[in-house]
Amino acid sequence: MSTNEKELRVGMVGYAFMGAAHSQAWRTVNRVFDLPVRARMALICGRDESKVADAAGRLGWEGHTTDWRELIARDDIDIVDVCTPGDSHAEITIAALEAGKHVLCEKPLANTVEEARAMVAAAAKAQTVGVRAMCGFNYRRVPAVSLMRELVASGRLGVIRHVRAVYLQDWITDPQFPLVWRLQKDKAGSGALGDIGAHIIDLTQFVTGQRITGVSAITETFVKERPLPAESSGLAASADGAGAAMGQVTVDDAAVFVARLDGGGLATYEATRFATGRRNALRVEINGSLGSVAFDLERLNELEFYDASEPGAEQGFRRILVTEGDHPYMAAWWPPGHIIGYEHSFTHELRDFLAAIATGSDPTPSFTDALQVQLVLDAVARSAGLGSSWTEVEPVPAPVTA
Ligand SMILES: NC(=O)c1ccc[n+]([C@@H]2O[C@H](COP(=O)([O-])OP(=O)(O)OC[C@H]3O[C@@H](n4cnc5c(N)ncnc54)[C@H](O)[C@@H]3O)[C@@H](O)[C@H]2O)c1
């Protein structure tokens with residue numbers, strides 16, 4: 001490492017699932033990528049003193065606090081990494097930006113369009129003094145997904161006709177699974193739609209470079225009441241036991257919608273937590289006039305590519321193993337054929353975030369990009385509420401600068 005490297009001190013809020021994933025990336029990013037800035041894992045925040053102290057030691061943070069306001073008030077924190085549920089994204093993020101901290105905020109950006117707009121305005125104002133903001137749609141940073149985008153952008157697929165995207169999970173198929181925060185609208189904003197549907201909305205728009213302009217949707221809540229949890233946590237939780245009090249599920253369990261893209265293509269999306277046997281199956285296929293490409297997160301080092309310009313007798317989907325040094329991000333890792341995993345997407349996310357801060361450029365996905373995803377989520381929810389009626393997605397306004 002160069003001795004001229006500037007050090008950026010990071011404060012992270014939330015220490016559970018994403019907190020651990022981001023910590024792993026903060027520990028790794030400067031050891032794998034050669035960057036002009038060095039991140040220092042200064043402070044971690046959670047509400048429970050003993051748990052956050054334990055997390056600090058376990059995940060590699062120098063200090064801990066139980067109050068995110070204290071984290072933001074500290075002069076020596078340069079970056080705030082928001083890994084809390086959606087109900088606190090807007091408040092923490094806006095306060096951090098106003099205090100001059102760069103912000104990485106987990107997806108979905110907010111629980112409502114209104115909150116997302118306020119975050120975009122705060123980011124635009126902060127940008128005028130060189131403060132950067134980015135939303136954590138990490139799947140963009142899977143090398144095979146980035147390669148997909150490059151194939152589309154270079155014209156190898158021709159005109160995009162179809163986008164087919166599913167994100168399937170099954171962690172709440174048991175009706176006795178407790179009412180964790182992800183099943184409560186006031187904490188999560190929406191259910192499968194905002195949690196995993198947001199990922200495939202962002203991913204497909206990123207890969208195709210096209211925006212969803214309108215949708216027709218259905219959503220369903222299959223299990224309407226669940227036992228209250230002993231402790232509300234993320235994807236793993238236990239109920240209070242037999243006879244536990246019940247609470248209302250206030251979000252969708254599944255969301256299915258069709259969409260039009262601004263390039264003329266048709267798209268279908270399915271996001272569900274009731275796909276029995278599918279733990280975390282994110283799959284996308286794109287069909288163009290000159291070829292097709294398909295991605296499956298369970299085989300994330302691979303891409304299926306069909307090139308319609310090849311001689312007829314040789315045509316067929318071929319597998320690209322995305323581990324070559326000239327594939328996105330891969331030069332920093334292992335020799336060709338030595339595969340990487342889920343956690344690397346977060347390391348790549350931080351690489352791009354730190355590189356943007358260092359070069360004084362705006363990282364992507366920007367808060368405006370994330371607001372656009374929020375507008376699609378909102379259109380889907382409204383369409384489903386109106387008997388699947390066709391609902392236009394409001395265009396993203398130019399960022400508001402104060
Ligand atoms: N990028 C991805 O692939 C991905 C995956 C999972 C979750 N997420 C997103 O990450 C965010 C967090 O999800 P998670 O799965 O890590 O949840 P989680 O329940 O595992 O962890 C949430 C953490 O936030 C803390 N927290 C909650 N409110 C707080 C507050 N007011 N002050 C301080 N700490 C607070 C909790 O104590 C906990 O440590 C959500 O926005 C979620 O949508 C993204």
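Preceding this paragraph is the structure being described.
Below is a short write-up of the structure. Everything quoted here is computed from the prediction, not taken from an experiment.

Here the focus is helix α5 (residues 113-127). Taking 1.5 Å as the rise per residue, α5 with 15 residues should run 21 Å; its terminal C-alpha atoms sit 21 Å apart, in good agreement. Buried residues along α5 sit in contact with α4 (89-98), β5 (102-106), β6 (133-136) and α10 (367-385).

This part covers the sheet that holds strand β8 (residues 212-220). Strand order across the open sheet formed by 9 strands is β16-β15-β14-β13-β7-β12-β11-β8-β17, with mixed pairing between neighbours. In this open sheet, the two edge strands, each paired with only one partner strand, are β16 (318-321) and β17 (391-392). Across 7 bridges, the pairing between strand β11 (residues 254-261) and strand β12 (residues 266-272) is antiparallel. When the bridges of β12 are listed, F257 appears paired with Y269. On the sheet, α10 packs against β8, β11 and β17 and is oriented at approximately 50 degrees with respect to β8.

Right, let's get into the packing of aromatic side chains. All told, the structure shown has 9 aromatic pairs when counted by the stated rule. Between the aromatic rings of F33 and W333, the centroid separation amounts to 6.2 Å while the plane-to-plane angle is 90 degrees, which identifies the pairing as edge-to-face. A residue pair is termed long-range when its members are at least 10 positions apart, and F33 in the loop between α1 (17-32) and β2 (37-45) and W333 in the loop between β16 and α9 (344-359) qualify at 300 residues. Each member of the pair, F33 as well as W333, is classed as buried. Here the aromatic rings of Y139 and Y167 are separated by 6.0 Å at their centres, their planes lie at 65 degrees, and the arrangement is edge-to-face. Of this pair, Y139 sits in the loop between β6 and α6 (143-153) while Y167 sits in strand β7 (residues 160-168), placing them 28 residues apart in sequence. A relative accessible area of 4% places Y139 in the buried class. Grouping aromatic residues by their ring pairs yields a cluster made of Y139, Y167, Y342 and F346.

Moving on, we come to unusual backbone geometry. Of note, the bond from K107 into P108 is cis; its omega dihedral lies within 30 degrees of zero at -20 degrees. Within the fold, P108 resides in the loop between β5 and α5. Look at the link from T364 to P365: it is a cis peptide, with omega at 0 degrees. Take P365: it is sitting in the loop between α9 and α10. Despite not being glycine, Y329 has its phi angle at roughly 70 degrees, a positive value. Relative to the helices and strands, Y329 resides in the loop between β16 and α9. Positive phi outside glycine occurs at S388, with the angle close to 70 degrees. By relative accessible area, S388 is classed as partly exposed at 23%.

Before going further, it helps to spend a moment on the pairing of β5. Of all 5 residues in β5, 5 are buried, a share of seventy percent or more. Every second residue of β5 is oriented toward a common face, with H102, L104 and E106 on one face and V103 and C105 on the other, all of them buried. Across 4 bridges, the pairing between strand β4 (residues 79-82) and β5 is parallel. Paired with D81 across the two strands is L104, which belongs to β5. Relative to β6, β5 runs parallel, the two being bridged by 4 bridges. Along β6, the bridge assignment pairs E106 with G136. With α5 bridging β5 and its parallel neighbour β6, the resulting β-α-β unit is right-handed.

Calculation notes
Residues numbered from 1 in each chain as written. Predicted model: local features only at pLDDT ≥ 70, side-chain atom pairs only at ≥ 80, totals over all residues. Heavy atoms only, no water. Helix = DSSP H or I, 4+ residues; strand = E, 2+ residues; numbered from the N terminus. Expected span 1.5 Å × (residues − 1). Contact = heavy atoms within 4.5 Å. Pairing = 2+ DSSP bridges. Axes fitted to C-alpha atoms, helices over the stretch in contact; angles between N-to-C directions. Phe/Tyr/Trp six-rings, centres within 6.5 Å; stacked < 30°, edge-to-face > 60°. Buried < 20%, exposed > 50% of the residue type's maximum accessible area, 1.4 Å probe, protein only. Right-handed = clockwise from strand over helix to strand, strands pointing away.

Functional significance is not addressed by these values, which are geometric in nature.
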